[in-house]
Amino acid sequence: MKRLLVLILLVASFQLSAQNNSDLLKHYDAYYKQMKKQGDVQGIINALTHLNVLEPSQARLDTLGYIYMSEGSYTQALNTIGIDKIANDSDIAIQVKAVSLKSLGQPKLALGFFEEMFKRNPNALIAYELAELNLQTQNLAEADKHIAYGLANSKDDMTKAFYETQTPYQVPLKSAFMYMNALVTYNKDKKANIDAAVDILDSALKSAPNFNMIQLTKNELLRQKQVLQAEAAQSKQ
């Protein structure tokens, strides 16, 4: 009799727990929809976190990671979905890992995920990211490859944003690739290639006169040229 009573209590407990979980899922799903309607990002994060605890879902985790990434919370994004390269990762997961790792100053780790993005959806914007990361890691041959792709596949309506000024600005993507080409050219020989790099920068300025980063880079290259010339003159004395 005692065993029967315990069994009945256990079954009742499980049924109550299932009912409570169902009610909580309905509550947080409604809460999530309301937060989306109000544009409350922190509310959306809270709702998705609760929903995932109650009913784990990789798609929900990927969405949560994407929201963290979009808000600039890159560490939280990676803590949510991890940094391992998984063959069946969703496109969203790959993007979150790529962008977050790059933003956290991990170009070598980010490269693999941007390469996967490019493999799944080849386009000039991803090629720019690959060119930039390969330049950072001094893989200049790979950078050249992606620059060539970008110059050939940049459309007139494609732009690239830059943020070094107080007010962000955009330039034609092709001009951005020309800027990247100048940097790679300079890095191949930092003494002999200054003039060649400056010539590329001047060409890019013709199509993007507002490209402030080019002017800053050009000024620095010309300054370095003056230093080299001064050193050469001094050595002849």
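Each remark here, short or long, concerns the structure printed above.
Residues numbered from 1 in each chain as written. Predicted model: local features only at pLDDT ≥ 70, side-chain atom pairs only at ≥ 80, totals over all residues. Heavy atoms only, no water.

Draft legend 1. Up close: the overall build of the protein. The number of helices and strands found in the protein is eleven helices and two strands. Compactness check: the protein gives a C-alpha radius of gyration of 26 Å against a globular reference of 18 Å for 237 residues, more than 25% above the reference. For the protein, the C-alpha atoms occupy an extent of roughly 110 × 35 × 35 Å along the three principal directions. When the 237 residues of the protein are sorted by exposure, 36% land in the buried category. (Helix = DSSP H or I, 4+ residues; strand = E, 2+ residues; numbered from the N terminus. Rg over C-alpha atoms; globule rule 2.2 N^0.38 Å. Buried < 20%, exposed > 50% of the residue type's maximum accessible area, 1.4 Å probe, protein only.)

Draft legend 2. Molecular detail of the environment of Tyr 169. Looking at the secondary structure, you find Tyr 169 in strand β2 (residues 169-172). Separated by 92 residues in sequence, Tyr 169 and Ala 77 place their C-alpha atoms 27 Å apart. Setting aside its immediate chain neighbours within four residues, Tyr 169 contacts Lys 160, Ala 161, Phe 162, Glu 164, Asn 210, Phe 211, Asn 212 and Met 213. A polar side-chain atom of Tyr 169 sits 3.3 Å from the main-chain amide nitrogen of Asn 212. (Contact = heavy atoms within 4.5 Å. Polar contact = N/O pair within 3.5 Å; in protein donor to acceptor, adjacent residues only side chain to side chain.)

Draft legend 3. The arrangement of helix α11 (residues 212-236) in detail. Taking 1.5 Å of rise per residue, the 25 residues of α11 would be expected to cover 36 Å, and the 37 Å separating its terminal C-alpha atoms lies within 8% of that figure. Listed as buried for α11 are Ile 214, Thr 217, Lys 218 and Leu 221. Elements that come into contact with the buried residues of α11 comprise α9 (173-188) and α10 (194-207). (Expected span 1.5 Å × (residues − 1).)

Draft legend 4. Representation of the pattern of salt bridges within the structure. All told, the structure shown has 13 salt bridges when counted by the stated rule. Note that Lys 102 and Glu 129 form a salt bridge whose closest N and O atoms lie 2.4 Å from each other. Taken together, the residues span a long stretch of sequence, with Lys 102 in helix α5 (residues 91-103) and Glu 129 in helix α7 (residues 124-136) at a distance of 27 residues. The shortest N-O distance in the salt bridge between Glu 132 and Lys 102 comes to 2.6 Å. (Salt bridge = Lys/Arg side-chain N within 4 Å of Asp/Glu carboxyl O.)

Draft legend 5. Broad picture of the pairing of strand β1 (residues 159-162). Residues of β1 alternate between two faces, with Lys 160 and Phe 162 buried on one and Thr 159 and Ala 161 left unburied on the opposite face. Inspection of the sheet shows β1 paired to β2 by four bridges, in the antiparallel sense. From the neighbouring strand, Ala 161 faces β2, where its bridge partner is Gln 170. Hairpin geometry of β1 and β2 is characterised by an intervening segment of six residues between the two adjacent antiparallel strands. (Pairing = 2+ DSSP bridges.)

Draft legend 6. Expanded view of unusual backbone geometry. Unusually for a residue other than glycine, Gln 138 sits at a positive phi of about 60°. Relative to the elements of secondary structure, Gln 138 occurs in the loop between α7 and α8 (140-153).

Draft legend 7. Seen up close, the nonpolar core. Counting 44 residues, the largest nonpolar core has Phe 114, Tyr 128, Phe 162, Tyr 179 and Phe 211 as its most contacted members. Secondary-structure elements contributing two or more residues to this core are α5, α6 (107-120), α7, α8, β2, α9, α10 and α11. Considering each element in turn, this core owes the most residues, nine residues, to α9. Listed in part, the 16 residues of the second largest apolar core include Tyr 32, Ile 45, Leu 48 and Ala 93. (Core = buried A, V, L, I, M, F, W, Y, C linked by side-chain atoms within 4.5 Å.)

Draft legend 8. Spatial organisation of the environment of Phe 118. Topologically, Phe 118 is positioned in helix α6. Phe 118 gets classed as buried once you look at its relative accessible area, which sits at 17%. In this structure the C-alpha to C-alpha distance between Phe 118 and Leu 104, which are 14 residues apart in sequence, comes to 20 Å.

Draft legend 9. Focus on the side chain of Lys 160. Structurally, Lys 160 is set in strand β1. A distance of 3.4 Å separates the side chain of Lys 160 from the side chain of Glu 129, its partner in a polar contact. When neighbours within four sequence positions are excluded, Lys 160 is seen to be in contact with Tyr 128, Glu 129, Tyr 169, Gln 170, Val 171, Leu 173 and Ala 176.

Draft legend 10. Spatial organisation of the packing of helix α4 (residues 74-81) against α5. Running from amino to carboxyl end, α4 crosses α5 at an angle of 140°, the nearest separation of the two axes being 9 Å. Comparing their axes, α5 and α4 come out oblique. Every pair of crossing elements has a handedness; the one defined by α4 and α5 is left-handed. Residues Tyr 74, Ala 77, Leu 78 and Ile 81 of α4 pack against Ala 93, Val 96, Lys 97, Val 99, Ser 100, Leu 101 and Ser 103 of α5. Residues belonging to the contact of α4 with α5 are distributed by class as follows: eight nonpolar, two polar and one charged. (Axes fitted to C-alpha atoms, helices over the stretch in contact; angles between N-to-C directions. Parallel < 35°, antiparallel > 145°, perpendicular 65-115°, else oblique. Left-handed = near helix turned anticlockwise from the far one by under 90°. Nonpolar A, V, L, I, M, F, W, Y, C, P; charged D, E, K, R; others polar.)

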